[in-house]
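What the coordinates show
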Amino acid sequence: MDEHILTEVSVVEIDLARAIAFVSDAAQGAIDTFIGIVRNNHSGKSVTGITYDVHENLANQSFREICAEAQGIWPGTRYFVSHFYGVLDVGGVSIVIAVSSPHRAESFEACRYVIEEIKKRAPVWKQEHYFEGKSDWLPGHSLNSEAEESLVCCGRCGEKRHVG
Amino acid sequence: MEEIKVSIRCFGMFRQFGNEIDVSILANSSVDDIKGAIVRHLGEKYKEIVGSSVLASDSGILPEEYIVYAPVELSILPPVCGG
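For the structure given in this document, a descriptive report is provided here. Sequence order as written defines residue numbering, which begins from 1 separately in each chain. Here the convention is simple: chains get letters from A, ligands get numbers from 1, in the order in which they are written. Totals for whole chains, interfaces and linings use every residue, but because this is a predicted model, local features are given only for residues with pLDDT of at least 70 and side-chain atom pairs only at 80 or more, for both listing and counting. Just so you know, side-chain values use all the structure's heavy atoms and leave hydrogens and water out.

Comments concerning unusual backbone geometry
Backbone geometry at Ser 43 of chain A places phi at a positive 50°, although glycine is not the residue there. Only DSSP runs of H or I covering at least 4 residues are called helices, and only runs of E covering at least 2 are called strands; the numbering of each starts at the N terminus. Structurally, the position occupied by Ser 43 of chain A is in the loop between strand S3 (41-42) and strand S4 (45-54). Look at Asn 28 of chain B: it is not a glycine, yet its phi comes out positive at around 75°. Structurally, Asn 28 of chain B is set in the loop between strand S2 (20-26) and strand S3 (29-30).

Laid out in C-alpha cells, this is it:
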C-alpha cells in the first residue's frame, strides 16, 4: 500500500486539518483541497439534508485505485480522501480531498481528476431530503462499464483476479 | 439442476426494499440471470434500474458472465453519485 495515499469512509465529521497534515511534506510546495458541501437547493427544490449511502469496502477500494491512477499521471503527488457515510444537514461536509505536489499545477489537476472520477466510479449514493418532507435518491453514473472491464474471477477458482 | 439462494445487499434506491433481499436461482447461473431473478422479485417496473445496476462481491464488481456455483452474498449497486 502506498504510504502517500490515505483513503477512508467516515461516519464522523471530516477533519480538514488532518487531511492537510497527511499530505504535507517539506518537499511539497503546493496543497490543493476539494471540500464537498451539502447545499440548500437542487433542481428548484429546497433541500434540508442528504443521506449518503456507501458500500464501504468497494468505495474505499475505488478511492485508492483513483488516487493511484492520479499518482501515475502526476508523479510525486500525495493524496487524502475521506467520504462521509450517514446523514448531513445543509452545510455539512460530504467529502474532503487533499492533494499535495512539488508545484501547484499538479495539485490542481490531480485534485480535479480525483473528484471527477469518484463521482463516476465510487459506490456512493445520495438521498436528498426536501422541506415538504419528501426524499429522492438522485440519479447517477451506471457502473456497467466498470463491470465490462472487471477481471474478477469466474466464481469457481477462488482468486480475486481470474487468470485462467 | 440444484437451486441455490443468493442474498443481495441493497444500496441506494434499492434500500426501499430493505437492507437485503434473497432470490433463488439455478446453480451455474450468470450475473445476468441473477439480475433477471431480482427483476422477478421486485417487479417489471424495476427492470430498467436493475439493468443499469451492477452486482458486486466484497472484492469487486462482477462481469455479466460471472457464474455463481454456490449460495453467496452479493451487492446490487445502482448508478452512483458520490462526492
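Details of the interface of chain A and chain B
The contact definition used throughout considers only heavy atoms, calling two residues in contact when any of these lie within 4.5 Å. Taken residue by residue, the interface counts 37 residues in chain A and 31 residues in chain B. Accessible surface is computed with a 1.4 Å probe, and the buried area is the amount of it that two parts give up when combined, taken over both parts together. Between chain A and chain B, roughly 2,600 Å² of surface is buried when both sides are summed, and carbon and sulfur atoms account for 60% of that area. By salt bridge we mean one thing: a side-chain nitrogen of Lys or Arg within 4 Å of a carboxyl oxygen of Asp or Glu. At the surface where chain A touches chain B, the tally comes to one salt bridge. A salt bridge links Arg 15 of chain B to Asp 53 of chain A; the shortest N-O distance between them is 2.8 Å. Counted as a polar contact is a pair of N or O atoms within 3.5 Å, where, for protein atoms, one must be capable of donating a hydrogen and the other of accepting one, and residues adjacent in sequence contribute only when both atoms are in side chains. Joining chain A to chain B, the criterion identifies 15 residue pairs in polar contact (both at pLDDT 80 or more). Looking at the side of chain A that touches chain B, the elements with two or more residues in it are S4, helix H2 (56-73), strand S7 (93-101), helix H3 (104-121), strand S8 (124-130) and helix H4 (144-149) of chain A. Of the residues forming the side of chain A that touches chain B, the biggest block, four residues, is contributed by H3 of chain A. For this classification, the nonpolar set comprises Ala, Val, Leu, Ile, Met, Phe, Trp, Tyr, Cys and Pro, the charged set comprises Asp, Glu, Lys and Arg, and every other residue, Gly included, is treated as polar. Considered class by class, the residues forming the side of chain A that touches chain B number 18 nonpolar, 11 polar and eight charged.

Things to note about the pattern of salt bridges
Applying the stated rule across the entire model yields 12 salt bridges over all chains. One salt bridge connects Glu 117 of chain A with Arg 121 of chain A, and the closest N-O pair in it is separated by 2.9 Å. Of this pair, Glu 117 of chain A and Arg 121 of chain A both sit in helix H3, four residues apart, which is roughly one turn of the helix. For Arg 121 of chain A, a relative accessible area of 13% puts it in the buried group. In this structure, Arg 9 of chain B engages Asp 58 of chain B in a salt bridge whose closest nitrogen and oxygen atoms are separated by 3.6 Å. Here the residue Arg 9 of chain B occupies a position in strand S1 (residues 3-10), and Asp 58 of chain B occupies one in the loop between strand S4 (54-57) and strand S5 (60-61), the gap between them amounting to 49 residues. Per-residue accessibility, obtained with a 1.4 Å probe over protein chains only, is compared with the maximum for each type, and a residue is labelled buried under 20%, exposed over 50%, and partly exposed between these values.

As for the sheet that holds strand S5 (residues 78-84) of chain A
Residue and element names in this part refer to chain A. Judged by pairing direction, the sheet is mixed, and its four strands sit side by side in the order S1-S5-S7-S2 without closing on themselves. Two strands bound the open sheet, and with one partner strand each, they are strand S1 (5-10) and strand S2 (30-37). Strand-to-strand, the axes of this sheet are offset by a mean angle of 5°, without reference to chain direction. As paired strands, S5 and S7 are joined by six bridges and run antiparallel to one another. Looking at the pairing, Arg 78 lines up with Ser 100 of S7. The strands touched by H2 within the sheet are S1 and S5, with S1 carrying the most contacts at an inclination of about 155°. At least two DSSP bridges between two strands are required for those strands to pair. Structural elements are reduced to axes, namely lines fitted to C-alpha atoms, with helices fitted over the stretch in contact, and the angle between N-to-C directions of any two is expressed from 0 to 180 degrees.

Structural notes on the side chain of Thr 7 of chain A
Residue and element names in this part refer to chain A. Secondary-structure assignment places Thr 7 in strand S1. Owing to a relative accessible area of 12%, Thr 7 belongs among the buried residues under this scheme. A distance of 2.7 Å separates polar atoms of two side chains, one belonging to Thr 7 and the other to Asn 60. Apart from the residues within four sequence positions on either side, Thr 7 is in contact with Asn 60, Phe 63, Arg 64, Cys 67 and Val 81.

Describing the packing of H2 of chain A against H3 of chain A
Each packed pair of helices is defined by two parameters, the angle between the axes and the distance between the axes. All names here are of chain A. Axis separation between H2 and H3 bottoms out at 10 Å; the angle between their running directions is 145°. With respect to the hand of their crossing, H2 and H3 are arranged in right-handed fashion. Between H2 and H3, the contacting residues are Ser 62, Phe 63, Glu 65, Ile 66, Glu 69, Ala 70 and Ile 73 on the first element and Tyr 113, Val 114, Glu 117, Ile 118 and Arg 121 on the second. By residue class, the composition of the contact of H2 with H3 is seven nonpolar, one polar and four charged. In this scheme the handedness of a crossing depends on how the near helix is turned from the far one: anticlockwise by less than a right angle means left-handed, clockwise means right-handed.

Brief notes about the environment of Val 11 of chain A
Residues and elements named next belong to chain A. Assignment of secondary structure puts Val 11 in the loop between S1 and helix H1 (16-23). A relative accessible area of 58% places Val 11 in the exposed class. Separated by 74 residues in sequence, Val 11 and Tyr 85 have C-alpha atoms that sit 5.1 Å apart. Those residues in contact with Val 11 that sit more than four places away from it in its chain are Phe 84 and Tyr 85.

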